[in-house]
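Letter by letter, the chains look like this.
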Amino acid sequence: MKIPVFLYTGPEFGKRNDAVDAAKKNFQKEFGQLDEHLFYLQETPFSEVMTILQSGTLFSNGVCVVCKGVELLKKKEDIQMLENWIKNPSQSAGLILVSDEISVDNKLEKIIPEANKKKFWEMFESERLPWVKSFFNQNQLNIETDAAELILDMVENNTLALKNECSRFVVLFPKNTTITADDVEKVLVHNREENPFTLFNAIADSDSPAEKRFESGVEILQKIRLSKDNSSVVIIAGLSSCFRRLVDWHNINKDYYGADETTLKQNGFASKPMRTQYRKAAKIWTTGQATAILAVLASTDMEIRSSGKTMEDVLLYKMLYEIVVKKGASISVAEY
């Protein structure tokens, strides 16, 4: 008998979402018309998820439940409940467990069959440029290498974000056009919505004092929170990516002369705008401070996941203050 549960983890949202869609289609082929449900464990007790799986539906042939945030699924009784269901599943219900994290609780990992789980890693640096060029070629557009590298500097390292941004060129330019760096500037810089990477760019401007950078960061954070892509998970993941890169920048520029162009390219710092950005950021945060900020980002993520939506904005603004003004140090109770 097929086990109707899948576990998909990791930060490569595009390929992971494709896998979720493929699993849904397979459930549909097997069960017929589906009653679909989406739950976030930050908001919904896992017992409610199991109730849906066990009770089924009166209005469709089958049930498909997608459950996100399963890195929070740790309680012994919840995992035991799921294990019992896996041993004797409903004949017309399927479950897809999803996490942005690479790993989940070991007890959960053990009860999911190996064939039914997969980790989706971010693309290697060597894969990113070919992916962008291939996307444009498939859509009958050409793109200059400098333009493709500029896109990669500005967009989060996952195929979902890259596809969303690159698709804008397919809509705006006629077929067989060659996209230049100037075109990328016009489309993605001057007309783009704010995101974690524009937020990092603003707070990493070493030409401005900390108070000004914090003020700019707050404005951008507010715009992101009002946009459709307002998830704190995405904001924190994007900033974490930037500060991991800053640690890399420090590590390859340790000596007086700094890294040569070949070393910079090999480590993902291919374009001039990106080098300028991280050169400025390195003037603000040391390696130790960048590492401390990564800890601030991780702890904020855990606090938001445990406290839910109520304190989300407060925790994000506190996090931003600790990054920009405190440079990775925590706000004391007296200060807060």
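Everything below is about the structure shown above.
Here's what I pulled together on the structure shown here. (Residues numbered from 1 in each chain as written. Predicted model: local features only at pLDDT ≥ 70, side-chain atom pairs only at ≥ 80, totals over all residues. Heavy atoms only, no water.)

Regarding the pattern of salt bridges
- Counted under the stated rule, the structure contains 16 salt bridges.
- In this structure, arginine 305 engages glutamate 71 in a salt bridge whose closest nitrogen and oxygen atoms are separated by 1.9 Å. Of this pair, arginine 305 sits in helix α14 (residues 287-307) while glutamate 71 is found in the loop between β3 (62-68) and α3 (76-87), placing the two residues 234 residues apart along the sequence.
- Taking the relative accessible area as the measure of exposure, arginine 305 reaches 8% and is therefore buried.
- Given the relative accessible area of 9%, glutamate 71 is considered buried.
- Close ionic contact of glutamate 83 with lysine 87 constitutes a salt bridge, the shortest N to O distance being 3.8 Å. Note that glutamate 83 and lysine 87 are positioned in helix α3 at a spacing of four residues, about one turn of the helix.
- Judged by its relative accessible area of 60%, lysine 87 is exposed. (Salt bridge = Lys/Arg side-chain N within 4 Å of Asp/Glu carboxyl O. Helix = DSSP H or I, 4+ residues; strand = E, 2+ residues; numbered from the N terminus. Buried < 20%, exposed > 50% of the residue type's maximum accessible area, 1.4 Å probe, protein only.)

What to know about the pairing of strand β1 (residues 5-9)
- Buried residues dominate β1, accounting for five of its five residues.
- What you see with β1 is no split at all: Val5, Leu7 and Thr9 on one side and Phe6 and Tyr8 on the other are buried throughout.
- Relative to strand β4 (residues 93-99), β1 runs parallel, the two sharing five bridges. Its bridge partner being in β4, leucine 7 is matched across the sheet by leucine 97.
- Where β1 and strand β5 (residues 117-119) come together, three bridges link them in parallel fashion. Within β5, the position partnered with tyrosine 8 by the bridge is lysine 118. (Pairing = 2+ DSSP bridges.)

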